[in-house]
Structure formats: C-alpha cells, structure tokens
Amino acid sequence: MNRRRIVLIVALAVYGLAALVLLISPIGPGEIVAAVTGWVQNDLGWSTVRQGWIEFGANIALFVPLGFLLTGLFRRPWWGFALALVLSIGVELVQILLPARLPSPRDVLANALGAAVGAAIAWVVLIRPSRRARRPATRRGR
C-alpha cells in the first residue's frame, strides 16, 4: 500500500470520528448553527443572513472533505460522490429515529453539493496530475 493511500485512509478515519462526535454530541448542530447565526448577525452586523443559509453552508462544508477523501482513495470522482451521497441519505434516514433531529431533503442536497466540490478538488489536485504523469511519452515522427 502506498503512502498516499495510507494518509487518505487515516484522514478518512479521523474525519469519520469527528463526524461521529458531532452527531452524538450533547450540543446539537442546531445550537451551534444558532450561535454562529447570532454571531454573524449581531457581531458582524450582517442582519440579512438567515440561520437556514448558515446551516446549508455548514452542510456543504461538512461533506467537502468526505468527497475529497473518498475520491482520493478510490481514484474515481463518481465513486467518491456516490458514496458520500449514500452516506448522506443514510444519516438523514437515521435522523428519523432521533427525536431531537429533523431529517431534510435540503440537507441531502447540501451534502451532495459538498461531496461534489470535494470530489472535483480531489480530481484536480490528486488524480488528474498523476494520470498525466503515468501516460507514456509519445514519440513524434521525423
């Protein structure tokens, strides 16, 4: 196993642990989003920013690393995106069982956007350059 793959697996494990802590934390994501919204509205003076916007952006940001890491690991952007999308749908389905949580198709959309951004970044940064390097040099005719 090469070094890059090991780093991606470790990073994915750390990301998974951090996401799990966020999901089972006694401080719900709604409380965090409300606090950030208050800070943005009151301290920064951006009173037009709404809590839904902050939550949507947070869901995008949460899934960018997942799309990046899965794409880097499997070396296929569609796989990274699809796996992140399946995980997002799974998380939303589990939230049906949690009384303090509200599942939302909007969250799945935001998560999918984040995964797509992460997969695209991985494609540009990790995969595309290594594919160019592996291409055999062509000889030009004389």
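This text goes with the structure placed above it.
Computed from a predicted model, the values in this text were never measured in an experiment.

### Notes on unusual backbone geometry
Backbone geometry places Arg75, a non-glycine residue, at a positive phi of 60°. Along the chain, Arg75 falls in the loop between α3 (51-74) and α4 (77-95). Owing to a relative accessible area of 24%, Arg75 belongs among the partly exposed residues under this scheme.

### Concerning the packing of aromatic side chains
All chains considered together, the criterion is met by two aromatic pairs. Seen from their ring centres, Trp78 and Phe81 are 6.2 Å apart, and the 85° between their planes marks the pair as edge-to-face. Of this pair, Trp78 and Phe81 both sit in helix α4, three residues apart, which is roughly one turn of the helix. Positioned above the aromatic ring of Trp79, the side-chain terminus of Arg76 is 5.5 Å from the ring centre.

### Notes on a nonpolar patch on the surface
Nonpolar side chains collect at one region of the surface, where Ile27, Ile32, Val36, Trp39, Leu44 and Trp46 lie side by side and expose about 570 Å² of accessible area between them. Residue position: Trp46 is located in the loop between α2 (29-43) and α3.

### Looking at the side chain of Ser88
Mapped onto the secondary structure, Ser88 falls in helix α4. Residue classification places Ser88 among the buried positions, given a relative accessible area of 1%. Those residues in contact with Ser88 that sit more than four places away from it in its chain are Phe63, Asp107, Val108 and Asn111.

### Considerations on the packing of α2 against α3
Contact geometry for α2 and α3: axes closest at 9 Å, N-to-C directions at 120°. What the angle tells us is that α2 and α3 run oblique. Of the two elements, α2 crosses α3, and the hand of that crossing is right-handed. For the pair formed by α2 and α3, the contact residues are Gly30, Val33, Ala34, Val36, Thr37 and Val40 on the first element and Gln51, Ile54 and Glu55 on the second. The class makeup of the residues in the contact of α2 with α3 is five nonpolar, three polar and one charged.

Criteria and thresholds
Residues numbered from 1 in each chain as written. Predicted model: local features only at pLDDT ≥ 70, side-chain atom pairs only at ≥ 80, totals over all residues. Heavy atoms only, no water. Helix = DSSP H or I, 4+ residues; strand = E, 2+ residues; numbered from the N terminus. Buried < 20%, exposed > 50% of the residue type's maximum accessible area, 1.4 Å probe, protein only. Phe/Tyr/Trp six-rings, centres within 6.5 Å; stacked < 30°, edge-to-face > 60°. Lys NZ or Arg CZ within 6 Å of the ring centre and 35° of its normal. Patch = residues over 30% accessible without salt bridge, like charges linked within 9 Å, V, L, I, M, F, W, Y side chains within 5 Å. Areas by Shrake-Rupley, 256 points an atom, 1.4 Å probe, with all protein chains shown as cover. Salt bridge = Lys/Arg side-chain N within 4 Å of Asp/Glu carboxyl O. Contact = heavy atoms within 4.5 Å. Axes fitted to C-alpha atoms, helices over the stretch in contact; angles between N-to-C directions. Parallel < 35°, antiparallel > 145°, perpendicular 65-115°, else oblique. Left-handed = near helix turned anticlockwise from the far one by under 90°. Nonpolar A, V, L, I, M, F, W, Y, C, P; charged D, E, K, R; others polar.

Keep in mind these values describe shape, not function.
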